Amino acid sequence: MKRLAAISAILSLVACQPDTSPAPADSAPDPLKSGYDFLQAQTQALQDDDFANPGFLWVDRGEALFSEAPADGKACSTCHNDDGLSLAGAAAHYPQIDEESGDLVNIEGRINLCRTRHQGLQPLEYESDDLLALTAYTASLSRGAPISVDIEGAAANWYARGRDYFETRRGQFNLACTQCHDDNWGKKLRGDTISQGHGTGFPAYRLEWQSLGSLHRRLRDCDAGVRAQPRDYGSDDYLAVELYLAKRAQGLTLEAPGVRR
Ligand code: HEC
Ligand code: HEC
């Protein structure tokens, strides 16, 4: 029954739209609104209060990990606090191209590169508590910083790939991201109000997850919601979408750790 209700809610949402291919959504929604603006007041209050916001459990854990030195290596804090490689504001400029490898990396990827390149450690598994904690801590150092990413040069193809992903219909429901997050934001769907689909609150604590989760986890839920095959954590498709979303969110600020339904 629950499943049927969900399906009919989605179908009624698209039924009122003319069946044209998605409008080119290269431009950002106007006016730009954070996912926060679509939350109920009590969820907003949870995000606003650093003591009540459960995301800060991960931030605190991340801060502790940040100053833990591996047996024969340096702690993150040795380079990034003591040696002055400040991370304040850094997360607002990700994903970006890593110069050494030429690959697009998000904050999770950058942290793992520092582990392998600078600490002699193994990369952390995507969505592990430790990687979430370090990501949440790093992102929290950029709270309030304006999102601004580079989509020129080597990033241009990634950006185009992310835009394609956003505009391509998929899954049993044959829906593109843009149809919900550009064409229908502000409307109700299964007890949620559809937002503009920005990534600016992630990693975020979702009440539904009872946990902090990455942006890629949220994207997997959206893909599963239209009965499409979710991509892997850290996959090129999701990295590309993350870049597209960050460019589209230019004008908003980073608010991680967000709290979401
Ligand atoms: C059937 C409609 C639908 C489709 C299609 C869809 N989403 Fe969502 N999405 C939602 C709903 C509902 C939520 C939860 C409420 C909200 O924040 O919008 C959500 C949440 C999100 C969020 C979190 C926003 C926040 O502030 O917490 C992001 C990011 C997002 N979607 C991106 C995408 C991307 C990228 C795609 C395509 C791969 C996609 N969505 C496809 C309905 C959809
Ligand atoms: C030995 C020094 C060193 C250690 C230890 C180190 N880093 Fe780094 N970090 C760097 C350097 C150098 C860069 C610049 C990119 C590069 O050369 O890899 C960097 C870049 C970064 C960036 C991107 C900054 C920006 O402005 O784009 C983040 C985020 C980061 N490190 C997080 C961490 C975290 C988290 C840890 C611990 C898990 C860590 N680093 C450990 C040296 C270090």
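Anything mentioned here points back to the structure above.
Rules used in this analysis
Residues numbered from 1 in each chain as written. Chains lettered and ligands numbered in written order. Predicted model: local features only at pLDDT ≥ 70, side-chain atom pairs only at ≥ 80, totals over all residues. Heavy atoms only, no water. Helix = DSSP H or I, 4+ residues; strand = E, 2+ residues; numbered from the N terminus. Rg over C-alpha atoms; globule rule 2.2 N^0.38 Å. Buried < 20%, exposed > 50% of the residue type's maximum accessible area, 1.4 Å probe, protein only. Contact = heavy atoms within 4.5 Å. Areas by Shrake-Rupley, 256 points an atom, 1.4 Å probe, with all protein chains shown as cover. Lys, Arg positive; Asp, Glu negative; His and termini not counted. Charge placed at Lys NZ, Arg CZ, Asp CG, Glu CD. Near = heavy atom within 4 Å. Polar contact = N/O pair within 3.5 Å; in protein donor to acceptor, adjacent residues only side chain to side chain. 1 Å grid on protein atoms, 1.4 Å probe; cavity = no way out; pocket = protein on both sides within 12 Å on 5 of 7 lines; lining within 4 Å. Sits in = over half its atoms within 2 Å of the grid points. Nonpolar A, V, L, I, M, F, W, Y, C, P; charged D, E, K, R; others polar. Donors = N, O, S within 2.8 Å, 3.2 Å for Na, K, Ca; no water. Tetrahedral: all angles 85-135°; square planar, octahedral: opposite > 155°, others 65-115°.

K.L.:
Is there a simple way to think about the overall build of the protein in this case?
P.N.:
Each helix and strand in the protein was counted, giving ten helices and seven strands. Relative to a compact globule of 261 residues, whose C-alpha radius of gyration would be 18 Å, the protein shows 19 Å and is just as compact. Principal axes of the C-alpha set define a box for the protein whose edges measure 60 × 40 × 30 Å. By residue count, 50% of the 261 residues in the protein fall in the buried class. Within the protein, contacts between residues separated by at least 24 positions form 69% of all contacts whose residues are at least 6 apart in sequence. About 12800 Å² of surface is accessible on the protein, with carbon and sulfur atoms providing 50% of the total. Side chains of the protein carry 26 positive and 37 negative charges; the gap between the two charge centres is 8 Å.

K.L.:
Help me understand the site of ligand 2 in this model?
P.N.:
As a structural note, the neighbourhood of ligand 2 is formed by 18 residues, with Cys 76, Cys 79, His 80, Tyr 94 and Cys 114 the closest of them. Between ligand 2 and Tyr 94 there is a distance of 2.5 Å, counted from an oxygen atom to a side-chain nitrogen or oxygen. His 118 places a side-chain nitrogen or oxygen 3.0 Å from an oxygen atom of ligand 2. Of the pockets mapped on this structure, ligand 2 occupies the second largest pocket. Going through the elements one at a time, helix H4 (76-82) and helix H5 (107-118) are the ones with two or more residues in the shell around ligand 2. With six residues, H5 is the single largest residue contributor to the shell around ligand 2. Tallied by class, the residues present in the shell around ligand 2 amount to ten nonpolar, four polar and four charged.

K.L.:
Which parts of the structure should I look at to understand the coordination of the iron atom of ligand 1?
P.N.:
Each angle at a metal carrying four tetrahedral donors should ideally be 109.5 degrees, and each at a metal carrying six octahedral donors should ideally be 90 or 180 degrees. Coordination of the iron atom of ligand 1 by the protein is provided by His 181 (NE2) and Cys 222 (SG), with metal-donor distances spanning 2.0 to 2.3 Å. Considering all six donor atoms around the iron atom of ligand 1, angles at the metal cover 86 to 178 degrees and the coordination shape is octahedral. Of the two residues, His 181 sits in helix H8 (residues 177-181) while Cys 222 sits in helix H9 (residues 215-225), which places them 41 residues apart along the sequence. Residue classification places His 181 among the buried positions, given a relative accessible area of 16%. On the basis of relative accessible area, Cys 222 is assigned to the partly exposed category, the value being 30%.

K.L.:
What am I meant to see in the coordination of the iron atom of ligand 2 here?
P.N.:
Within the protein, the iron atom of ligand 2 binds to His 80 (NE2) and Cys 114 (SG); these donor distances fall in the range 2.0 to 2.3 Å. Geometry at the iron atom of ligand 2 is octahedral, judged from its six donor atoms and the angles of 85 to 177 degrees they form at the metal. Residue His 80 is located in helix H4, and its partner Cys 114 is located in helix H5; the two are separated by 34 residues in the primary sequence.

K.L.:
Can you help me understand unusual backbone geometry in this one?
P.N.:
For residues that are not glycine, phi is negative in most cases, and the peptide bond is trans in most cases. Here the amide bond leading from Tyr 94 into Pro 95 is cis, since omega sits at 0 degrees, within 30 degrees of zero. Mapped onto the secondary structure, Pro 95 falls in the loop between H4 and strand E1 (96-97). Cis geometry marks the peptide bond from Phe 202 to Pro 203; its omega dihedral reads 0 degrees. You will see that Glu 127, though not glycine, has its phi angle at about 75 degrees, which is positive. In this fold, Glu 127 is placed in the loop between H5 and helix H6 (129-140).

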